[in-house]
Amino acid sequence: MDAQQQLLDERHTALMTAIAGISDRLDLLNGRVRASEQHIAVLDDRSGRSNAVSISALSAVVVAAVYWMLR
């Protein structure tokens, strides 16, 4: 009975160690996903700003061309 209990304890310890390892990996993956989401949000924000600046610059060129043509 004592050997059987020791075997059960060893199996329990191995199982708990495996569960802790899986939990650690999931936490790491979750952190990577969050970091990726933040990077995507930053890139999206920069893209939006860049598009706004491009449209603004293009509008200035069009206005200047119209002004030059009507002058």
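Our structure is the block above this text.
Note that the coordinates shown come from a computational prediction; the quantities given were computed from them, not determined experimentally.

**So, the overall build of the chain**
Within the chain one finds one helix and zero strands. Relative to its length of 71 residues, the chain is extended, with a C-alpha radius of gyration of 31 Å against a globular reference of 11 Å. The proportion of buried residues among the 71 residues of the chain is 1%. Here the chain displays about 6,700 Å² of accessible surface, and carbon together with sulfur accounts for 63% of that area. Put simply, the chain has 7 plus and 8 minus side-chain charges, and the middle of one group is 19 Å from the middle of the other.

**Section: a nonpolar patch on the surface**
Judged by side-chain polarity, Ile 22, Leu 26, Leu 29 and Val 33 come together as a nonpolar surface patch covering roughly 350 Å² of accessible area. Of note, Leu 29 is situated in helix α1 (residues 2-70).

**A word on the environment of Arg 71**
Of note, Arg 71 is situated in the segment after α1. Judged by its relative accessible area of 75%, Arg 71 is exposed. For the pair Arg 71 and His 39, spaced 32 residues apart in sequence, the C-alpha to C-alpha distance is 48 Å.

Conventions used here
Sequence order sets the numbering: in each chain, residues are counted from 1 along the sequence as written. Under the rules for a predicted model, residues below a pLDDT of 70 receive no local features and side-chain atom pairs below 80 are neither given nor counted, while totals for whole chains, interfaces and linings still include all residues. As a rule here, side-chain values come from all non-hydrogen atoms in the structure, and water together with hydrogens is ignored. In DSSP terms, a helix is any run of H or I states spanning at least four residues, a strand is any run of E spanning at least two, and both are numbered starting from the N terminus. With C-alpha atoms as the basis for the radius of gyration, the globule rule is written as 2.2 Å multiplied by the number of residues raised to the power 0.38. Burial classification: accessible surface area is computed with a 1.4 Å probe over protein chains only, and a residue below 20% of its type maximum counts as buried, one above 50% as exposed, and the rest as partly exposed. Only the protein chains shown count as cover for residues, and the accessible areas themselves come from Shrake-Rupley with a 1.4 Å probe. Charged residues are defined narrowly, with Lys and Arg counted positive, Asp and Glu counted negative, and His plus the chain ends left uncounted. A single reference atom marks each charge: NZ on Lys, CZ on Arg, CG on Asp, CD on Glu. Residues enter patches when they are more than 30% accessible in relative terms and free of salt bridges; like-charged ones are connected within 9 Å and nonpolar ones (Val, Leu, Ile, Met, Phe, Trp, Tyr) within 5 Å. The term salt bridge refers to a side-chain nitrogen of Lys or Arg lying within 4 Å of a carboxyl oxygen of Asp or Glu.

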